[in-house]
Amino acid sequence: RVLGIWHEADAIGLIVVPVTLLLTPDDYMFCTLNKNNRWFPGVAAACGYLVMMSTHHIMSSTFEWDRPYDIVFITRNVILLGCCLPSLRSLVTFMIRPMAGADDSYLYLVSPLNLLPLLVSDITALRLLGGCLIAGSLHQMYYTMQIRRAGEMRL
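Please read these numbers as outputs of a predicted model, since none were measured by experiment.

**Comments concerning the pattern of salt bridges**
Counted under the stated rule, the structure contains 1 salt bridge. The salt bridge involving Asp-122 is made with Arg-76; its shortest N-O contact spans 2.2 Å. Taken together, the residues Asp-122 in the loop between helix 5 (115-120) and helix 6 (124-154) and Arg-76 in helix 3 (residues 71-96) connect sequence positions 46 residues apart. For Asp-122, a relative accessible area of 41% puts it in the partly exposed group.

Printed below as a string of structure tokens:
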């Protein structure tokens, strides 16, 4: 077990993807990425991996033969996964095209939804996804604030 919560096969996906992205030259594989959206493939792969692992864990609990069908477990974790999806969409679109919008009210409204999976979920991947999306939302707020300040300084 790695860090007391994961098997090596689970943790290797989150470790290898960003390291591989850093070691890959941009000339051939990621020629359209610049300094603003360089981290998009790594973030998208890590978030996609966490969503798939959460979905797999929920679906595997429905098909277990030795345990009774636990509708509360499935319903709770599907709702918590749904709480992560608005922030995930916002983060991935921001990583593709980092731009400051007219207002950040959508970001401020959906960011607290990520606390629910972080605090309530039984699935480790879903907890980690909630934590990563909180960090992504904070990064997004900070970066938009920098873009706006740079725009105000030009005026």
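**So, the side chain of Asn-77**
Residue placement: Asn-77 occurs in helix 3. In this structure, Asn-77 is in contact with Ile-58, Ser-121, Asp-122, Ile-123 and Leu-126, ignoring residues within four places of it in sequence.

**Let's talk about helix 2 (residues 40-62)**
The terminal C-alpha atoms of helix 2, which comprises 23 residues, lie 33 Å apart, in line with the 33 Å expected from a rise of 1.5 Å per residue. For helix 2, the complete set of buried residues consists of Gly-42, Ala-46, Cys-47, Leu-50, Val-51, Ser-54, Ile-58, Ser-61 and Thr-62.

**Notes on the nonpolar core**
Among the nonpolar cores identified, the biggest contains 17 residues, and Cys-84, Leu-88, Ile-123, Leu-126, Leu-129 and Leu-133 are the most heavily contacted of them. Elements with a minimum of two residues in this core: helix 2, helix 3 and helix 6. Ranked by residues supplied to this core, first place goes to helix 3 with 8 residues. Ignoring anything within four residues of it in the chain, the contact list for Leu-133 reads Cys-84, Ser-87, Leu-88, Leu-91 and Asn-114.

**A word on the packing of helix 2 against helix 3**
Between helix 2 and helix 3, whose axes approach to 11 Å, the crossing angle comes to 170°. On the basis of their axis angle, the class for helix 2 and helix 3 is roughly antiparallel. Contact residues: Phe-40, Val-43, Cys-47, Val-51, Ser-54, Thr-55, His-57, Ile-58, Ser-61 and Thr-62 in helix 2; Phe-73, Ile-74, Asn-77, Val-78, Leu-81, Leu-88, Leu-91, Val-92, Met-95 and Ile-96 in helix 3. A class-by-class count of the residues in the contact of helix 2 with helix 3 yields 14 nonpolar, 6 polar and no charged.

**Quick notes on a nonpolar patch on the surface**
Residues Leu-113, Leu-115, Leu-116, Leu-118, Leu-119 and Val-120 make up a contiguous nonpolar surface patch of about 490 Å² in total accessible area. The class of Leu-116 is partly exposed, set by a relative accessible area of 39%.

**Some points on the environment of Leu-115**
Considering the arrangement of structural elements, one finds Leu-115 in helix 5. Separated by 35 residues in sequence, Leu-115 and Leu-80 have C-alpha atoms that sit 9.6 Å apart.

Reading guide: rules and limits
Counting from 1, residues in each chain are numbered in the order their sequence is written. Totals for whole chains, interfaces and linings use all residues, but because this is a predicted model, local features are given only for residues with pLDDT of at least 70 and pairs of side-chain atoms are given and counted only at 80 or more. Heavy atoms from the whole structure form the basis of all side-chain values; hydrogens and water molecules are not counted. What counts as a salt bridge is simple: a side-chain nitrogen of Lys or Arg found within 4 Å of a carboxyl oxygen of Asp or Glu. Helix and strand labels come from DSSP, where a helix needs a run of H or I of at least four residues and a strand needs a run of E of at least two; each type is numbered from the N terminus. Burial classification: accessible surface area is computed with a 1.4 Å probe over protein chains only, and a residue below 20% of its type maximum counts as buried, one above 50% as exposed, and the rest as partly exposed. Only heavy atoms enter the contact rule, under which two residues are in contact if any of them lie within 4.5 Å. Expected helix span is taken as 1.5 Å per residue step, with the number of steps being one fewer than the number of residues. Side-chain atoms within 4.5 Å are what join buried Ala, Val, Leu, Ile, Met, Phe, Trp, Tyr and Cys residues into a set we call a nonpolar core. Lines fitted to the C-alpha atoms define the axes, with helices restricted to the stretch that makes contact. Angles between their N-to-C directions range from 0 to 180 degrees. Angles below 35 degrees are treated as roughly parallel, those above 145 as roughly antiparallel, those between 65 and 115 as roughly perpendicular, and all remaining angles as oblique. Each residue gets one of three labels, nonpolar for Ala, Val, Leu, Ile, Met, Phe, Trp, Tyr, Cys and Pro, charged for Asp, Glu, Lys and Arg, and polar for the others, Gly among them. Patch membership requires over 30% relative accessible area and the absence of a salt bridge. Like charges are linked within 9 Å, and nonpolar side chains (Val, Leu, Ile, Met, Phe, Trp, Tyr) within 5 Å. Here the open area of atoms and residues is found with the Shrake-Rupley method and a 1.4 Å probe, where only the protein chains shown may cover a residue.

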